[in-house]
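# Breakdown of the fold
Listed below, chain by chain, are the residues.
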Amino acid sequence: MSTKISQEEINSILWKACDTFRGTVDASEYKNYILVMLFVKYISDVWQEHYQSLKEKYDDNGEDMILRRMQRERFVLPQGCSFQNLYDQRNEANIGEIINIALEHIEETNKQKLSGVFRNIDFNSEANLGQTKDRNTRLKHLLDDFNDSRLDLRPSRVGNLDVIGNAYEYLIARFAAGAGKKAGEFYTPAEVSELIAELVNPQAGERIADPACGSGSLLIKCGNQLLKNGVKDFALYGQEITGATWALAKMNMFLHGMDNARIEWGDTIRSPKLIEDDTTMKFEVVVANPPFSLDKWGHDEAGNDPYKRFHRGLPPQSKGDYAFISHMIETTTKDSGRVGVVVPHGVLFRASSERKIRQQLIEENLLDAVIGLPANLFYGTGIPAAVLLFKRNKASSNVLFIDASRDYQNDKNQNRLRQSDIDKIVATYQARETVDKYAYLASFDEIKDNDFNLNIPRYVDTFEEEQEIDINAMQVEISQLETELADVKQEMAGYLKELGYE
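Residue positions are given per chain, counted from 1 along the sequence in the order it is written. A pLDDT threshold of at least 70 governs which residues receive local features in this predicted model, and a stricter bar of 80 or more applies before side-chain atom pairs are shown or counted, although totals over entire chains, interfaces and linings include all residues. The basis for every side-chain value is the complete set of heavy atoms in the structure, and neither hydrogens nor water enter the calculation.

What follows is about a nonpolar patch on the surface. The grouping of M492, Y495, L496, L499 and Y501 at the surface amounts to a nonpolar patch, some 570 Å² of accessible area in total. Assignment of secondary structure puts M492 in helix α20 (residues 471–498). When its relative accessible area of 46% is taken as the criterion, M492 is described as partly exposed. Only residues whose relative accessible area exceeds 30% and that take part in no salt bridge are eligible for patches, with like-charged residues grouped when within 9 Å of each other and nonpolar side chains (Val, Leu, Ile, Met, Phe, Trp, Tyr) grouped when within 5 Å. With residues, only the protein chains shown are counted as cover, and all accessible areas are computed by Shrake-Rupley using a 1.4 Å probe. Put simply, a salt bridge is a Lys or Arg side-chain nitrogen that is within 4 Å of an Asp or Glu carboxyl oxygen. To qualify as a helix, a DSSP run of H or I must reach at least 4 residues; to qualify as a strand, a run of E must reach at least 2; elements of each kind are numbered from the N terminus. Burial classes: relative accessible area under 20% of the type maximum marks a residue as buried, over 50% as exposed, and values in between as partly exposed (1.4 Å probe, protein chains only).

Once that is clear, we can look at the packing of aromatic side chains. Each aromatic ring pair is summarised here by two numbers: the centre-to-centre distance and the angle between the ring planes. Aromatic pairing here means that ring centres of Phe, Tyr or Trp (its six-membered ring) are within 6.5 Å. Orientation follows from the plane angle: under 30 degrees is stacked, over 60 is edge-to-face, and everything else is tilted. Enumeration according to the criterion identifies 13 aromatic pairs in this entry. Note on W246 and W265: the rings are 5.6 Å apart at their centroids and 20° apart in plane angle, and the pair reads as stacked. One end of the pair, W246, is in helix α13 (residues 243–255); the other, W265, is in strand β3 (residues 262–265), and 19 residues separate them in sequence. Relative accessible area serves as the criterion here: at 4%, W246 is assigned to the buried category. Lysine and arginine charges are scored as sitting over a ring when NZ or CZ, respectively, is within 6 Å of the ring centre and within 35 degrees of the ring normal. Geometry around Y87 places R90 over its ring, the cationic atom sitting 3.9 Å from the centre. Geometry around Y438 places K424 over its ring, the cationic atom sitting 4.1 Å from the centre.

Now for the pairing of strand β1 (residues 207–210). Judged from the four bridges that link them, β1 and strand β2 (residues 235–240) form a sheet pairing that is parallel. Looking across to β2, one finds that I208 is bridged to L236. The parallel pair β1 and β2, bridged by helix α12 (residues 217–227), forms a crossover whose chirality is right-handed. The pairing of β1 with strand β6 (residues 285–288) spans two bridges and is classified as parallel. Along β6, the bridge assignment pairs I208 with V285. Being paired, for any two strands, means DSSP has found at least two bridges between them. Look down the strands so they point away from you; if the path from the first strand over the helix to the second goes clockwise, the crossover is right-handed.

This brings us to the nonpolar core. By size, the foremost hydrophobic cluster in this structure holds 111 residues, and its most contacted members are F123 and F146. Whether two residues are in contact is decided by their heavy atoms, any of which lying within 4.5 Å being enough. Excluding residues that lie within four positions of it along the chain, F123 makes contacts with Y33, V36, M37, G96, I99, N100, L103, L129, R135, L139 and L142. In plain words, nonpolar cores are sets of buried Ala, Val, Leu, Ile, Met, Phe, Trp, Tyr and Cys residues tied together by side-chain atoms within 4.5 Å. Within the second largest apolar cluster, 34 residues are counted, among which are V286, I362, L367 and Y459.

Secondary-structure assignment places E107 in helix α5 (residues 95–109). Positive charges come from Lys and Arg, negative ones from Asp and Glu, while His and the chain ends are left out of the count. It is R119 that comes nearest to the buried, bridge-free E107 among opposite-charge side chains, at 5.3 Å. We define a polar contact as two N or O atoms separated by no more than 3.5 Å, with the added condition that, inside protein, one atom must be a possible hydrogen donor and the other a possible acceptor, whereas residues neighbouring each other in sequence contribute only through side-chain atom pairs. Here the side chain of E107 touches F118 through a polar contact of 3.0 Å, landing on its backbone nitrogen.

What follows concerns the packing of α5 against helix α8 (residues 132–146). Viewed as axis vectors pointing N to C, α5 and α8 meet at an angle of 55°, and their least axial separation amounts to 9 Å. By the angle between their directions, the pair α5 and α8 is classed as oblique. In this structure, α5 uses I95, G96 and I99 to contact α8, whose residues at the interface are N136, L139 and L143. Across the contact of α5 with α8, the residue classes break down as four nonpolar, two polar and no charged. Working convention: axes come from line fits to C-alpha atoms, limited for helices to the stretch in contact. Angles between N-to-C directions cover 0 to 180 degrees. Angle categories: roughly parallel below 35 degrees, roughly antiparallel above 145, roughly perpendicular from 65 to 115, and oblique for all the rest. Residues were grouped as follows: Ala, Val, Leu, Ile, Met, Phe, Trp, Tyr, Cys and Pro as nonpolar; Asp, Glu, Lys and Arg as charged; and all remaining residues, including Gly, as polar.

Our focus in this paragraph is empty space enclosed by the protein. Here a cavity means grid points, on a 1 Å grid over the protein atoms only, where a 1.4 Å probe fits yet cannot get out; a pocket means an open set of points with protein on both sides within 12 Å along at least five of seven lines; lining residues are those with an atom within 4 Å of a point. Grid points are joined across faces, edges and corners, and a volume is the space filled by probe spheres set on the points. Summed over the entire model, instances satisfying the criterion amount to five cavities of 30 Å³ or more. Within this model, the largest cavity holds a volume of roughly 90 Å³. When the residues that make up the lining of the largest cavity are grouped by side-chain class, the tally is seven nonpolar, five polar and two charged.

Bridge count between β2 and β3: four bridges; the pairing is parallel. Each bridged residue has a counterpart across the sheet, and for E240 the counterpart in β3 is W265. Handedness of the crossover is the feature at issue here: the chain leaves β2, passes through α13, returns alongside β3, and the resulting connection is right-handed.

On to the environment of Y440. Inspection of the secondary structure puts Y440 in strand β13 (residues 439–442). Distance from Y440 to L348, taken between C-alpha atoms, is 16 Å for residues 92 residues apart in sequence. Apart from residues no more than four positions distant in its own chain, Y440 is found in contact with V399, L400, F401, T434, E446, Y459 and V460. Only 2.4 Å separates the side chain of Y440 from the side chain of E446, close enough to count as a polar contact.

Further remarks concern the sheet that holds strand β7 (residues 338–344). The strand order β3-β2-β1-β6-β7-β9-β8-β10-β13 describes an open sheet built from nine strands, whose pairing is mixed. Two strands bound the open sheet, and with one partner strand each, they are β3 and β13. Looking at each pair of strands side by side, their axes are set apart by 15° on average, direction ignored. Contacts from α12 reach β1, β2, β3 and β6 within the one sheet, and its direction differs from that of β1 by about 160°. This element, α13, spans β2 and β3 of the sheet and lies at about 170° to β3.

Structure (C-alpha cells):
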C-alpha cells in the first residue's frame, strides 16, 4: 500500500524545484515552466496508475482492451509523451524541442479540454532559458527535481484531487509574492477570493463568470462553494487577456476537476468572447478582481460598443474601473444577477464621468454593499481596496457600508484576512444592520445628500473618543507616588549607611 503524501511535502518539493531558475530567470516567466511540468507530472502519474489497474484486471493478453478503455479516460496521454519519457531523454541535446513536441501532442489529443494551453510556452526558448548549453542544464535539473520519488502524484498516494489543485494554487501564490507588480495580473489572494465567493453565494444551476479571471482562483472558490455542499450543477466561465495566464487558468481548472469550465482568451472590454445569440452571455453571478485604474482600457472604441455596455456613460480614458463594472452589471441576468468586484477606493468618490455612472447605478437601485478591506492585501500594491456588491431586484433601496479595514493578520510581507474576519464580514452583510464603528445601513436619501459619494468614513464612524482624564484623581496619584518615592529614598539611604556609604 502506498504511503500518502501530505500537502506540505508536495509544496516544499515543488518550491525547491524552483531553485533551478531562481536568480537566472524572472519569476513572472519561470512560473510557467514549473507549473506546466507539474501538470505533465500529474497527468502522467494518473495515467500510469489507471493503466496498471487495467493491466491487473485484463492481464497481459488484454493490451488492446486496455488501450481502448484508456481512450475513454478523462484525458488521453499520447504514447511517448509521459513525464517518464521526457525524463529518460533528459540528456539529449535537443531536450527543449523534445518537451515542446510532447506538449503539442498532449494538447492535440485533448483538444476539447486543453486546446491552445501550451501555445505560449516554449521550452526551447533562448530568450527565457538561455543558450543551448545553459538551457539544457536547466531543463535537466528541472526534470531531475520532478523525478523526486516523493513527488509521486498517483491518486492512490495523493488521495484527493484537490491536493494537486492546492499545490498549483500554492505555487501561483508564492510566485505572486515574488513577482511584484506583475503578480496582480494572475493572482487574487485566496482569502479575498473566498470572501467574494461567500458574499455572492452561488446557487445550484447558476452560471458564474469572471471577465478578468487571471489564473482562475476566484472562479474555483465560487465552484468550491457549491461542491462542498454536494452541488455539481453549475457552470464556470472566464476571460483572460494575457495568453500565458489564460493557459494557467485552463490548467488550474483541469487540476481542480472543473474540466468543463469555459475560459476564453482575449480583451474583455474591447472584444468580449462570452457571446450568445449575438449579445453578451448573461450570468447569475459575475465576480472579478480587474486591474486597478487601467490606463488605455479601450475608451476610444467603447463609444461604439455593439453590446451597449456603457450606456450609463464612458469612464475616463486613464481609469478603466467603471468599464469593468459596467461590463459585469450588463452581463448579469435581469431577475437574480449578483456582482462582486474588487476596486480601488477612488471608484467610491472620484468626480466627473465616474460620478455620473456611480449616481445612475445607485438610482437604478443596483448597488447593494460597499466593503472596505485592509491595506496591503494584494500583491504588487499596498493600497487598500474595497469590494462592491451589486444586485438585481433588491428588496429595498438601502446600501450597506462595512469598514473591515482594521481586521486582519499582519504577516511578514503581506496582510491577510483570517477566516474569522471573513465570517464577520459575511455575517454582517447577511444581517444588513448597522453595527457601531463597523457597519452602517444607509438610505438612498442619505447617499443622495452626500452627492453620491460612497467614501466609507462618511457613513461608518470609526472615531474612538479619548478617555477623559480626572485631573484631581491624577494629582492625588502623583502625590501618593512622590510620598512612596521619598520613603524608598530614605530606606535606601539607611541601607547605604549600614554598608559604610554615606
